[in-house]
Structures are given as C-alpha cells and as structure tokens.
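Structure at a glance
Take a look at the letters that make up each chain.
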Amino acid sequence: MNKTVNQKAWFLILPVLLLVAFSAVIPLMTVVNYSVQDTFGRNEFFWAGLEWFEQMLASERMWNALGRQIAFTAIILAIQIPLGVFVALNMPKKGFWASFCLVLMSLPLLIPWNVVGTIWQIFGRVDIGLLGYTLNAMGIDYNYTQDFYAAWITVVMMDVWHWTSLVALLAYAGLQSIPDAYYQAAKIDQAGRWKVFRFIELPKIMGVLMIAILLRFMDSFMIYTEPFVVTGGGPGNSTTFLSIDLVKMALGQFDLGPAAAFSIMYYLVILLVSYVFYTVMTNLDKRDGH
Amino acid sequence: MSLILEGVSKSVNGQPHIHATDLELLGGTMNVLLGPTSSGKTSLMRLMAGLDAPNTGKVIWDGKDVTGMRVQDRGVAMVYQQFINYPSMTVYENIASPMRLLRKSKDQIDSAVKKAAELMKLAPELLARKPLELSGGQQQRCALARALVKEAGLVLLDEPLANLDYKLREELRAEIPKIFEEAGSIFVYATTEPEEALLLGGNTATMWEGRITQFGKTPIVYRQPVNATTARVFSDPPMNFLKVRMTGGRLHFGDGQSVPASDAFTGLTEGNYLAGFRPNHLEMAKKGPSALEFATKLQVTEITGSETFIHLDHQGDSWVGLIHGVKILEIGAMMDVFLDPKHVYIFAEDGTSVAPASYATAA
Amino acid sequence: MAKITLENLAHSYLPKPTREEDYALKSMDHDWVDGEAYALLGSSGCGKSTLLNIISGLLHPSQGRILFNDKDVTMAPTTQRNIAQVFQFPVVYDTMTVRDNLAFPLRNRGSDPAYIQERVQQIAAMIGMEATLDRKARGLTADAKQKISLGRGMVREDVNALLFDEPLTVIDPHMKWELRTQLKSLHHEFGHTMIYVTHDQTEALTFADKVVVMFDGRVVQMGTPQQLFETPEHTFVGYFIGSPGMNVLEAKVSGDKAVIAGTEISLGQGFGTPTGKVELGVRPEFVTLQSGDEGLPVTIKRVEDVGRHKIVRADFQGIEINIIAAEGENISPDMNRVVFDTAGINIYSDSWRVAPKAA
C-alpha cells in the first residue's frame, strides 16, 4: 500500500501538545504527587500511598460538601434549563426587539464572577441592600448571613440571574434554525402550543440543550467565587460547596495531601459525568442519522 | 494531460464508499458521473481532487503519482451544487480570486475575468455587485467563471445545476459543454439525471453503490449497457424488465409468444434471462409483423403536451411507456401494447448483458 | 373537497402599492373546479409561491377575495381552512413513529381511535409504508420522509384542498417517477382538489389536469397540457413549456402567408394582418430538416443525442432554430432547409397569440 497519510500534520500540532503539557499535564501531575505523599515541612516528602484517599473517603466533611454541591447543581439546573427555554420561546424572532433582547440577555454573562458576587452581596444586605431592606421592611425575616434558607435562596437566585441567559441564548439559537414549514405544518395538523413544543421545538433544540446542561453542570459543580464573595460558605458550613471546602483545606489549613486527594476525586467525578453526557449526546446525533 | 485512478478505494468507518476503481480520463474531455444520490459520485470526486486520500490505490496526474498530495498543491477547481462565492467580494473580485493567488499581473487578470464573464453571460454591470445581490443562476455562473479562470487541469462540477430553475438549467446545460470544450482541461461532471448526461455528451461513467458499472462514450453507454444496473441507472423513465426463457432455439416472452434465436439473440444458451426495453420503444399499435404483444392493465397516464406516459401493470411488473402524441385513455382498462424485438436487451440472470438490442448495435 | 374561487385577487408586499409593478401578484379572477389537479408553473419570482401562501392562509391578499365552496375565507387563518400541505423539504415529526406521524392530524381533531387505527393502516398501504409503520421517522431517507408528509396530507378525508410546494425537489429522479405516479393514482382514486407549485414543466404537465403558467405576477395561460403545447397563448408559454422551447421568429404576416427574412412560407390558414411586433412560433417537434431548396435556409450547428430523440441546433441568419428528430433518423450535413408543419404554427402579435381567422 502507498503512503497516503501526510505526516507533516503531526508537526503542526506539536506546539499545542507542548502548551497543553505545560498548562495542564504538569500541574496535574504535581497534584497527583502531593496526593500520595506526606510532608512535615522543609520540603521533605514521604510516601503515603492511598492514605489520603482513604481519609477523604471516610471524611464526613467531604461527604457533606459533596451533598451540598449536588443539591446546589440539581436545583440550579432544574430552574435554569426550563426557565432558559421558556425565555427563549418567548423572545421575539426578528426585528429590533430581537436584537434588543439578545443584548439584554448577554449583559449578565459579561460581568466578572467576583463582581456578580459583590452585586448580590450588597443587593441582599439588610441595612443598605435594595432586596434585603425591602424584604425586611415588608416584615419578611431575611438575612443571608444568619439564616440557612436565606443564604441558599440568595446563592441560587444569584446563579440563576447570572447564567439563565446562557441557556436562553443557546436555546434561542436552536429555535431560530427550525424552518417555518414546520410551524405551518403544525397549524395545518391543528397541533396545540404544547404539541408544537413537544414534537417540533424540543426535538430540534435537544442537541444545544444538552450542551447547555453540560456547560451549566460543569460550571456550577466547580462554583467558587460567587458564593464565596456573598456568604463565605456560611452561615456555618451551609453554603460551603466543594471548591470552597477544598480551598479552605488546602490554603486555610495547609493540608496539602488530603486536599490533593480531594482534588483528584473531584476531577474524576466531573470527568465521569462529562463523559456520560458526551456519550448520550453523540448517541442522539447518531439516531439523527448524521 | 491525463488523470488515472489505479485501484483506488475508500472506506469510512468500515463502510465502503468507493470500491476499488480504475479510471483513465484524458485532457479536453467532458466526463459525466451518472448515478443516484449516495452512489459515490461525490466521494469519487473528492478522491480525484485530493480532498480525501484513498485507502488503497494510486492517483496519477500526468504520469506523476499525486496520491496523498494536498489539494492546494494540485491544479483543481471545483463547483458545487450550492452556490459558493465569497459574499463580501464583488463578482469581479470573486472571479479574479484564484488568479490573485497565482500572482498573475493586473492586466492578465483583467482580461481573463472579462473573458470568463462574457463566456458565462455575466453582463459587465453585474461584475461590480456582490454575489448575494444576484439571482441563483447568476451566482452559479459566477462560481463557474471562477473555476474557468483558474485554468486548472482538472475541473470538478458536482451537480452544479441541481439548485437552478428548470429552464435556466436547460440553457446552462447547453452552454457548459461549448465553453469547457475550448478550455482543454479534464472535466468531471456529476449528475443524477440521465438526460443531462446525454446532453453533455463526452464520456459517461455510470455509478451504483460505490462502483463504476460502465465507462465509455456517452451514447455507447446509453445504447449498449454492459449490465442491467447500468441500463437502469441510465434510463429515465426507468427501463422496463421482463423475465424470458430460452428453450428449443426460441426465446419465449410469455403468453405463448416466442421469437427465433436469430440476429442479436443468436448464440444464447438455454435458460432464463432478463429482457429489458426502454419506455419510448413501447408502442400502442402493431407496427411490424414480428412485434411482440402484451396484455397490460393501465394504471396511470401522464400527458406532457406532446407525449403521453402510460404506467402499466404487466403480470405484477410495473412498466412505463412513452407514447408520441396526446392519448386520452381510460384508467384501469386492459390495454395491448407492442414491442419490436430489435429494441430488446437480454441480460443474464446476474445482470450481465448477453445480447444488446440489435437496433443499438446497428446504429 | 372544495371549489376554489379567486375574485379580483392581487397582492403586494409593499404597504401602499400604487403602480402595477408594485404587485407581486397582479389582479386575477379564477374558478378552480372541485376535484381537479392544478399545477402552478413558473420560474422563481413569478408569484406562484405568493399565490400558494394566499390559498394556504399564510398571507392575506392586499386586494380581492378567496372563496372555498363560495364561502369567503380571505381573512381566515390556516387552521380554519381545512387544507393539507406538502412542503419542499420533508416535514416530519422526528421523535414520533411513522404511525404516530400519520395519526397526528386525526388525533389533534379528536377522531375515534378505532377509526384512526383503520385509516392510518389504509394510508400506509397507499404510500407503501406498512412495513415501517412502527419505526421512528428520524433516520429515514428523504423520499420515505416525503411519503410520510404526503400520507399526513391524505389522512383527513374532509380536506378542502391538498397543496404541494415543489414536493419533489429533494427526491432522486428514479424516485420522482414512483412518487409522482403514486400521487397521480391517489388523485384518480380520491378526487381531492390539488394544487401543485413547481418550476419543473415535466412535473407540472404530467401531474395536472390544468396547468396555470405564471410569468411576472400574472397568469399568462391556464389550460390542459395539450393546449399549452399546441396553442401557447403567449410566447413565454411557448418558451417555457417544452424542451427545447418554441422557436420564435420575427415575420411579416398577411393572410395565410408569412415572410421570414425574405423567405415566404405558407401558414395553412389565414391570420388577417396582425399589427405590432409580429412573430411566428413553431415548436421543434413541428420542424423538419431536409435537403433541397424548399423552406428556410439553415446550417446545422450541433446535433445532440438525447436518447429517445435528437435535438438539432441549426442557424438561420444568426437565429437559432431547434429541430427535434427521431432516434433513428440520419442527419446528413447536406440538409440545409427546414420546413414547418402548418398544424404547429402559431402567430403572435406583441407576444400574445393571434387566433386564426376563418377564410
């Protein structure tokens, strides 16, 4: 057989490989290194085997943080995905108002994480915050620094405010690609609004919706800055999610070994879930016959 | 100038798209790839262009092995079914773009663009416009002009007229061979329509399920198909078929009719065969003493103004007849149709042609 | 099923149309008979899609009325018109099975399940998809999907009209034959009023009882395929129908004689003395090539073998004349004259046909 493959292509991707090696592989290996060793300072390390992993798996603190994390991610997905789709369905399809809505929707996405945190931190304050002050003036007892529910509601609302737009924009793009003929056929078939959504719109936006879910899952599962700025993980540990806990452990207490083991397990969970998503998505595509 | 494919094949994910294919194309010829959708026309073109590398075999351009060479390094021009132009450039800039890449002088570019535009009947005032301001036909003319000025040795046209209106297609179809004849390149033109292949002339390769079933001069492939698949692909409306049997020195057509094994049927051994004939050879009146007669049931008629298509049921087989003139007939009625044996092709049971119709070999 | 009446109907996409050019569809009056198959034929931008959209209720005309069975539906929305439509690209509900797709319009109207079951089975048999009824529509080929769209259109027995918007665009030539034949026999069997929009003359002519030829927002002729072929009312019809189209030559006509660039030919019947720009139209099918010195002098440019016949392109003083010759006919280079069959000659004045006058 003749050489039909152009080997030059390998040289072209070499820079990317090097870049990835420096930016991802080497730091990751450092973490792996920490996770299987112990140190008593002075840069001396001892082999610790899987001790840190065992310790972390047995740690109630980690399980609690994971529980909170799963609850948080589940809640925001359950709100953002339907809400985003609902918003997308009701956005104007063309003309001035369509562009206006698009700009309006992208605004929250352009604000840096820590600023979002600060905005909500002030917004919810009982003394000077618009939300906090108004609620209390109305006789509702709301204080996110002291009350468990108030803290969760604030953090969830903040995330919904920040990220629903992303879901809405993706769903909107998906909806725009549906040819008019489908809507007309549905009219002719006398399909109601729900059936139009169920049998035309939903199947057509399923692909982008999967991407939206995946992005929102990964992002919310790793959330750190915003809740940290607003509640600092409190009151108590009530909004201490995985990342916040990890940083407390690694930098606050300088337990590098357990923190490294923790990070690796954290990383594997995200990788696993993303992989499952990817498989589901490609299968959806295959059924489409592409 | 020549392009030779030697045992070229291509599979994607274990699915064979092109089976091992040999083909030789010469400079200054129009070569039509004729076949239904997903019969491998586009895949084969991509191999010719170098957009895909074959799994096996060699692509030889002017005696030089160019297998695996990048498409940018070969002199190839391609026009697609979709009208592909650079939307932000004017028509003039679009046509000039391949020559700019070749670093031709300004004067050379200018004269070549004007000449190509004239050949493609793009009026001078259109040259200053953007492609999207033109009609579909003009956009495709622009794309064709761009392929023309490139002076590529190999020009690939992948169903370039499929998205155009019927009449426009008819006009461009008549012009394209004239224009490209002069250019001297190798032209490869993919189409799903048998009539288009006939109008373009040149050579035709009929394709079916990733194989070239026959390659040769277009009228020869049309009149002397080497197998039933080629005959089926190269017939619109589709060729009609009938099971026949050779026994006792006579070819039996059913209903007690038989003809002696003379002329084209000489030398057929005893056994079962498949007889094929084209719709336009079916007659409603007996025109000669030797004509075969079949009792059929009329399913549907279609009148084109000058001709009538009759769709018939012959003992479970669907047949189509193309009759000259306008015939008003009763649907569902029984109807006798006639066929001159000289228009009958005989294929073996595996589809190989064993006796081409005598009218075709006589011509 | 219904009779469709277009009354003084016109449409403009501009808010305040003033001139005739502003109208995408120029004023027209037509009665379309119940149970007939009509084809709207024309090139892109001739107004055929505008007309279809007005009939389907997607567009409300800027002038005039449209009636189904004498009932005014001009402003009625699509849902109330009780029509069915098959689109250019197959519209199927991907996540449903073929069966559910076919049953969908009936279920939405609350039909009896037993009836739906029976009717779907019947339609599946008609379109030849009984074997795939329980498969998901996703992943089927384009022509199978288009058959489903067709079936969904046929499933309701009470539709006023079935509309087709270039339904065979994405279908392979071989499948086109099958689908068209199927459509034709379904029409024969059920007698729906059908309206079929296309730019393809073969599709229009073979499908329809009456073909409506449109040009520049106007109906230039409505007639049977035979009428369009034999007596095109406008030179555009002559050009657009037939392939190649009609030969059109400038001529001076008086009585039953025409003079074309100095050569006199007989017309077989009298036409008086038409005024304006006078042209003679004759289809390639009625032109015969011969040698000798009778007829118009021509030189042969090209001979195209189209299989079932030959198209000869000849030059007559810089004008191309097309001739259709039989498959087996020999075209020799010394053939230098063409003669016209008088039965196929039409005379045009300013592009419109002049009726022959009784002698």
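Let us now look at the overall build of chain C. Broken down by element type, chain C carries 9 helices and 23 strands. A principal-axis box enclosing the C-alpha atoms of chain C has dimensions of 75 × 50 × 35 Å. If you take every contact in chain C between residues at least 6 apart in sequence, the share linking residues at least 24 apart comes to 65%. Just so you have it, chain C exposes about 14,200 Å², and 48% of that area is on carbon and sulfur atoms.

Secondary structure summary: chain B contains 9 helices and 21 strands in total. Summarising its shape, the C-alpha atoms of chain B cover approximately 75 × 45 × 40 Å along the three principal directions. Scored against the burial criterion, the 363 residues of chain B give a buried share of 53%. Of the contacts formed within chain B by residues at least 6 apart in sequence, a portion of 67% connects residues at least 24 apart. Of note, chain B has its 36 positive side-chain charges centred 6 Å away from the centre of its 41 negative side-chain charges.

So, on to the interface of chain B and chain C. Contacts between chain B and chain C engage 44 residues on the former and 36 residues on the latter. Both sides together, the interface formed by chain B and chain C hides about 3,400 Å², and carbon and sulfur atoms give 55% of it. Along the contact surface separating chain B from chain C lie 4 salt bridges. A salt bridge links Glu327(C) to Arg223(B); the nearest nitrogen and oxygen atoms lie 3.2 Å apart. For the pair chain B and chain C, the number of links is 12 residue pairs in polar contact (both at pLDDT 80 or more). Contributions of two or more residues to the side of chain B that touches chain C are made by helix H5 (166-183), helix H6 (194-200), helix H7 (218-223), helix H8 (228-233), strand E16 (292-303), strand E17 (307-314) and strand E18 (317-324) of chain B.

Each partner contributes residues to the interface: chain A has 19 residues there, and chain C has 23 residues. Taken over both partners, the interface formed by chain A and chain C buries close to 2,000 Å², and the fraction arising from carbon and sulfur atoms is 55%. When the area that chain A buries against chain C is broken down by residue, the three leading residues are Gln184(A), Ile188(A) and Asp189(A), summing to 32%. There are 2 salt bridges connecting chain A and chain C. Note that Lys204(A) is salt-bridged to Asp94(C), the shortest N-O span being 3.4 Å.

Another aspect to go through is the pairing of strand E6 (residues 76-79) of chain B. Residues and elements named next belong to chain B. On E6, burial covers both faces: Val76 and Met78 on one face and Ala77 and Val79 on the other are all buried. As defined by bridge partners, E6 adjoins strand E7 (residues 154-158) across 4 bridges and the pair is classed as parallel. The partner of Val79 across the bridge, within E7, is Leu157.

On to the pattern of salt bridges, then. Following the criterion strictly, the structure yields 39 salt bridges over all chains and no others. The salt bridge involving Glu302(B) is made with Arg180(C); its shortest N-O contact spans 3.3 Å. With Glu302(B) in strand E16 and Arg180(C) in helix H6 (residues 173-190), the pair connects residues from two separate chains. Arg180(C) matches Glu302(B) in its accessibility class, with the two residues each being buried.

Core analysis: the biggest nonpolar cluster contains 82 residues, and Trp32(C) and Leu51(C) have the highest contact counts within it. For this core, the leading source of residues is helix H9 (residues 193-221) of chain A, giving 9 residues. For Trp32(C), the contacting residues outside a window of four places in its chain are Lys3(C), Ile4(C), Leu6(C), Tyr38(C), Leu40(C), Leu51(C), Ile55(C), Ile195(C), Val212(C) and Met222(C).

Moving on, we get to the domain arrangement of chain C. All names here are of chain C. Domain annotation for chain C reports domain 1 (4-235) and domain 2 (244-354). For domain 1 versus domain 2, the distance between C-alpha centres works out to 38 Å. Taken together, the contacts link 9 residues of domain 1 with 11 residues of domain 2. For the pair domain 1 and domain 2, the two sides together bury roughly 980 Å², of which 60% comes from carbon and sulfur. The interface formed by domain 1 and domain 2 contains 1 salt bridge. The partner of Glu233 in a salt bridge is Arg353, and the shortest N-O contact between them spans 3.6 Å. Taken together, the links from domain 1 to domain 2 amount to 6 residue pairs in polar contact (both at pLDDT 80 or more). Looking at the side of domain 1 that touches domain 2 element by element, the count peaks at 3 residues for helix H8 (residues 225-230). Grouping the amino acids of the side of domain 1 that touches domain 2 by side-chain chemistry returns 4 nonpolar, 3 polar and 2 charged.

What follows covers the packing of aromatic side chains. Two aromatic rings are characterised by how far apart their centres lie and by the angle between their planes. Residue and element names in this part refer to chain A. Following the criterion strictly, the structure yields 33 aromatic pairs over all chains and no others. Relative to Phe100, the ring of Trp97 lies with its centre 5.2 Å away and its plane at 80°, an arrangement referred to as edge-to-face. Remark: Phe100 and Trp97 occur in helix H4 (residues 96-106); sequence separation between them is 3 residues, near one turn of the helix. A relative accessible area of 38% places Phe100 in the partly exposed class.

Okay, the sheet that holds strand E18 (residues 299-305) of chain C next. Residue and element names in this part refer to chain C. With respect to topology, 3 strands assemble into an open sheet ordered E18-E19-E20, the strand pairing being antiparallel. At either end of the open sheet lies a strand with only one pairing partner, and these are E18 and strand E20 (319-326). Shown here is a sheet whose adjacent strand axes are inclined to one another by a mean of 25°, direction ignored. As judged from the 8 bridges shared by strand E19 (residues 309-316) and E20, these two strands associate in the antiparallel manner. Note that in E20 the partner of His309 across the bridge is Ala326.

Turning to the side chain of Arg99(C), a few remarks are in order. Residue and element names in this part refer to chain C. Tracing the chain through its elements places Arg99 in helix H3 (residues 98-108). Side-chain polar atoms of Arg99 contact the side chain of Asp134, separated by 3.2 Å. Excluding anything up to four places from it in sequence, Arg99 contacts Gln117, Val120, Gln121, Leu133 and Asp134.

Glancing now at the pairing of strand E19 (residues 334-339) of chain B. All names here are of chain B. The pairing of strand E15 (residues 282-283) with E19 spans 2 bridges and is classified as antiparallel. The residue of E19 that forms the bridge with Glu283 is Phe338. In terms of strand pairing, E16 meets E19 through 6 bridges, oriented antiparallel. Bridge assignment links Thr296 to a residue of E19, and that residue is Met335.

This part covers helix H5 (residues 142-154) of chain C. Compared with the 18 Å implied by 1.5 Å per residue over 13 residues, the 18 Å span of H5(C) between its first and last C-alpha is a close match. For H5(C), the buried fraction is high: 12 of the 13 residues fall into the buried class. Taken together, the buried positions of H5(C) are Asp143(C), Ala144(C), Lys145(C), Gln146(C), Lys147(C), Ile148(C), Ser149(C), Leu150(C), Gly151(C), Arg152(C), Gly153(C) and Met154(C). Lining the buried residues of H5(C) we find helix H8 (180-188) of chain A together with strand E6 (83-86), H3, helix H4 (113-126), strand E7 (161-165) and H6 of chain C.

To continue, consider the environment of Phe234(B). Residue and element names in this part refer to chain B. Tracing the backbone through its elements, the reader meets Phe234 in the loop between H8 and strand E11 (240-247). Relative accessible area serves as the criterion here: at 0%, Phe234 is assigned to the buried category. Every residue in contact with Phe234, bar those within four places of it in the chain, is listed here: Leu34, Pro194, Ala197, Leu198, Thr204, Thr206, Thr218, Val221, Tyr222 and Arg278.

Turning our eyes to something else, we now look at the side chain of Asn82(C). All names here are of chain C. Along the polypeptide, Asn82 turns up in the loop between helix H2 (78-81) and E6. A relative accessible area of 19% places Asn82 in the buried class. Here Asn82 is in contact with Arg109, Arg156, Asp158, Val159, Asn160 and Ala161, once residues within four sequence places are set aside.

What follows covers the sheet that holds strand E21 (residues 353-355) of chain B. Residue and element names in this part refer to chain B. Strand order in the open sheet formed by 6 strands is E13-E12-E11-E14-E20-E21, with antiparallel pairing between adjacent strands. Each edge of the open sheet carries a strand with a single partner, namely strand E13 (257-260) and E21. The average angle at which neighbouring strand axes cross in this sheet is 40°, direction not considered. As paired strands, E11 and strand E12 (residues 250-254) are joined by 3 bridges and run antiparallel to one another. Its bridge partner being in E12, Arg245 is matched across the sheet by His252.

Below, the discussion takes up H4(C). Residue and element names in this part refer to chain C. The end-to-end C-alpha distance of H4, which contains 14 residues, comes to 20 Å, matching closely the 20 Å that a straight helix rising 1.5 Å per residue would cover. What H4 keeps buried is the set Ile116, Arg119, Val120, Ile123, Ala124 and Met126. Along the axis of H4, the buried positions cluster into a sector of 150°, meaning they face one direction only. For H4, the exposed residues set more than 90 degrees away from the buried face come down to Ala114 and Glu118. Buried positions along H4 lie against H3, H5 and H6. Gly128 lies just past H4 and shows a positive phi near 70°.

About the criteria used
- Residues numbered from 1 in each chain as written.
- Chains lettered and ligands numbered in written order.
- Predicted model: local features only at pLDDT ≥ 70, side-chain atom pairs only at ≥ 80, totals over all residues.
- Heavy atoms only, no water.
- Helix = DSSP H or I, 4+ residues; strand = E, 2+ residues; numbered from the N terminus.
- Contact = heavy atoms within 4.5 Å.
- Areas by Shrake-Rupley, 256 points an atom, 1.4 Å probe, with all protein chains shown as cover.
- Buried < 20%, exposed > 50% of the residue type's maximum accessible area, 1.4 Å probe, protein only.
- Lys, Arg positive; Asp, Glu negative; His and termini not counted.
- Charge placed at Lys NZ, Arg CZ, Asp CG, Glu CD.
- Buried area = accessible area lost by both parts, 1.4 Å probe.
- Salt bridge = Lys/Arg side-chain N within 4 Å of Asp/Glu carboxyl O.
- Polar contact = N/O pair within 3.5 Å; in protein donor to acceptor, adjacent residues only side chain to side chain.
- Pairing = 2+ DSSP bridges.
- Core = buried A, V, L, I, M, F, W, Y, C linked by side-chain atoms within 4.5 Å.
- Domains from an automatic or database assignment.
- Nonpolar A, V, L, I, M, F, W, Y, C, P; charged D, E, K, R; others polar.
- Phe/Tyr/Trp six-rings, centres within 6.5 Å; stacked < 30°, edge-to-face > 60°.
- Axes fitted to C-alpha atoms, helices over the stretch in contact; angles between N-to-C directions.
- Expected span 1.5 Å × (residues − 1).
- Arc of directions from axis to C-beta.

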